[in-house]
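Fold and contact review
Chain by chain, the residues:
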Amino acid sequence: MRHGAHKAAKASAQRIQLSKMLFSSGRGSHTARSVRVAQLVSNNGAILGIDDALAAKLNEVAPQTRRALREAARAAERRSTFMTSASLAALVGATASAIAFANPDDTASLLADEATTTTQLKRVTSVTASRSDSRTPLDEIANTTVSSDGKSQQTSNEGDWQASSDSSALDVKSMSRSLANNSVVAVLLERDVDQLPAGFDPNHASGDSGNTYPWGQCTWYAYERRTELGLPVGSYFGNGGSWASSASTMGYWVDSTPRHVGDLVSFLPGQMGADAYYGHVAVVEKINKDGSIEISESNVKGLGVISTRTISATDAADLSFIHY
């Protein structure tokens, strides 16, 4: 009894040890214990005495060997290649069928390469020749008879270019405002086109380099007012009595007729109350219908004092006016 119980206990211990080997976790898939377990499972658990369903389940969760992994990868690659080839073949077949049903007559042309025809360019030989082939002298063309509207006309290339007889001299009446650099002078030039002196240059030197005249004097004011109106004026015309001669020397249009607002009017020394030594200069502000003029001036009633007065047409005819 004691001996039988001892053997029974020993068999029970062996089963417990085998169960631990099957279900206890290990550190790797290639340990001695793992290999032993895999061998037991590959035999469908014959040693354990388990049924086939449990053995198949154990095979699913059992770690695979490296060889098994490689074989599984190759099998997957073969399946992928087969599926790709089958898909491509199906696509080509579907395309060919669609083309055949769409236009059966053109099916053969898609599978055959048509012959290429080479054409050699030939030189054009017609009445019209290129520029490099032949040219007709101008003399022959110019001296032939041309028919136009039923009338005969003889052409000729004889003669030369000549300007018209009235173009030898500049006609100041045909001058435009674009000839004047000063915009104010350009407008006045249009008005005075019939009165301009022969050979007048609207772009003559102005002599302007700033107001150099003593403050408050008639010359100082005349420069300031003239510049305010946008008209040219010289900086070194001298005393008021010499402005007309100085301006005329530089090319200004100077005469004895008042023409525009802004004209400079020069008084000789002692003329109409001007200084006996320096003379006087003023600016035309208005031209009346009767020929009289209104002028603005400085230093008649005091240094720097600006005043105005009217000069009759008779007196104005004796004065000198600087236009532009």
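Labelled according to an unreviewed UniProt entry, the protein appears under the name Amidase, originating from Bifidobacterium ramosum.

1. Some points on the overall build of the protein
Counting its regular elements, the protein contains 10 helices and 8 strands. When each of the 324 residues of the protein is scored for burial, the buried share is 23%. Partitioning the intrachain contacts of the protein with sequence separation of at least 6 by distance along the chain shows that 49% fall at a separation of at least 24.

2. Describing the sheet that holds strand E6 (residues 293–298)
In space, the 6 strands of this open sheet follow the order E3-E8-E4-E5-E6-E7, with antiparallel pairing throughout. What marks the edges here is a single partner per strand, and that holds for strand E3 (254–255) and strand E7 (306–311). As defined by bridge partners, strand E4 (residues 264–267) adjoins strand E8 (residues 320–322) across 3 bridges and the pair is classed as antiparallel. For Ser266, the partnering residue across the bridge sits in E8 and is Ser320. Where helix H8 (residues 218–228) meets the sheet, it contacts E4, strand E5 (280–287), E6, E7 and E8, and its direction lies at approximately 40 degrees from that of E5.

3. Side note on the side chain of Arg225
Tracing the chain through its elements places Arg225 in helix H8. At a separation of 2.9 Å, a polar atom in the side chain of Arg225 contacts the side chain of Glu285. Among residues more than four places away in sequence, those in contact with Arg225 are Val283 and Glu285.

4. Quick word on the packing of aromatic side chains
Applying the stated criterion across every chain, the model contains 9 aromatic pairs. Relative to Tyr324, the ring of Phe200 lies with its centre 5.9 Å away and its plane at 65 degrees, an arrangement referred to as edge-to-face. Linking Phe200 in the loop between helix H7 (183–191) and H8 with Tyr324 in the segment after E8, this pair joins segments that are 124 residues apart in sequence. The class of Phe200 is buried, set by a relative accessible area of 8%. Tyr324 gets classed as buried once you look at its relative accessible area, which sits at 1%.

5. A word on the environment of Arg309
If you trace the backbone, Arg309 turns up in strand E7. Look at Arg309 and you get partly exposed, because its relative accessible area is 31%. In the structure, Arg309 is positioned 16 residues away from Ile293 in sequence and 8.4 Å away in space, judged by C-alpha atoms. Apart from residues no more than four positions distant in its own chain, Arg309 is found in contact with Phe267, Met272, His280, Ile293, Glu294, Ile295 and Glu297. A polar atom in the side chain of Arg309 sits 2.7 Å from the side chain of Glu297.

6. Quick word on the pattern of salt bridges
Enumeration over the complete set of coordinates arrives at 4 salt bridges. The shortest N-O distance in the salt bridge between Arg225 and Glu285 comes to 2.9 Å. Here the residue Arg225 occupies a position in helix H8, and Glu285 occupies one in strand E5, the gap between them amounting to 60 residues. The residue Glu297 makes a salt bridge to Arg309 at a minimum N-O spacing of 2.7 Å. With a gap of 12 residues between them, Glu297 in strand E6 and Arg309 in strand E7 connect regions that are remote in the sequence. Members of the salt-bridge network, linked through shared partners, are Arg225, Glu228 and Glu285.

Conventions used here
Residues numbered from 1 in each chain as written. Predicted model: local features only at pLDDT ≥ 70, side-chain atom pairs only at ≥ 80, totals over all residues. Heavy atoms only, no water. Helix = DSSP H or I, 4+ residues; strand = E, 2+ residues; numbered from the N terminus. Buried < 20%, exposed > 50% of the residue type's maximum accessible area, 1.4 Å probe, protein only. Contact = heavy atoms within 4.5 Å. Pairing = 2+ DSSP bridges. Axes fitted to C-alpha atoms, helices over the stretch in contact; angles between N-to-C directions. Polar contact = N/O pair within 3.5 Å; in protein donor to acceptor, adjacent residues only side chain to side chain. Phe/Tyr/Trp six-rings, centres within 6.5 Å; stacked < 30°, edge-to-face > 60°. Salt bridge = Lys/Arg side-chain N within 4 Å of Asp/Glu carboxyl O.

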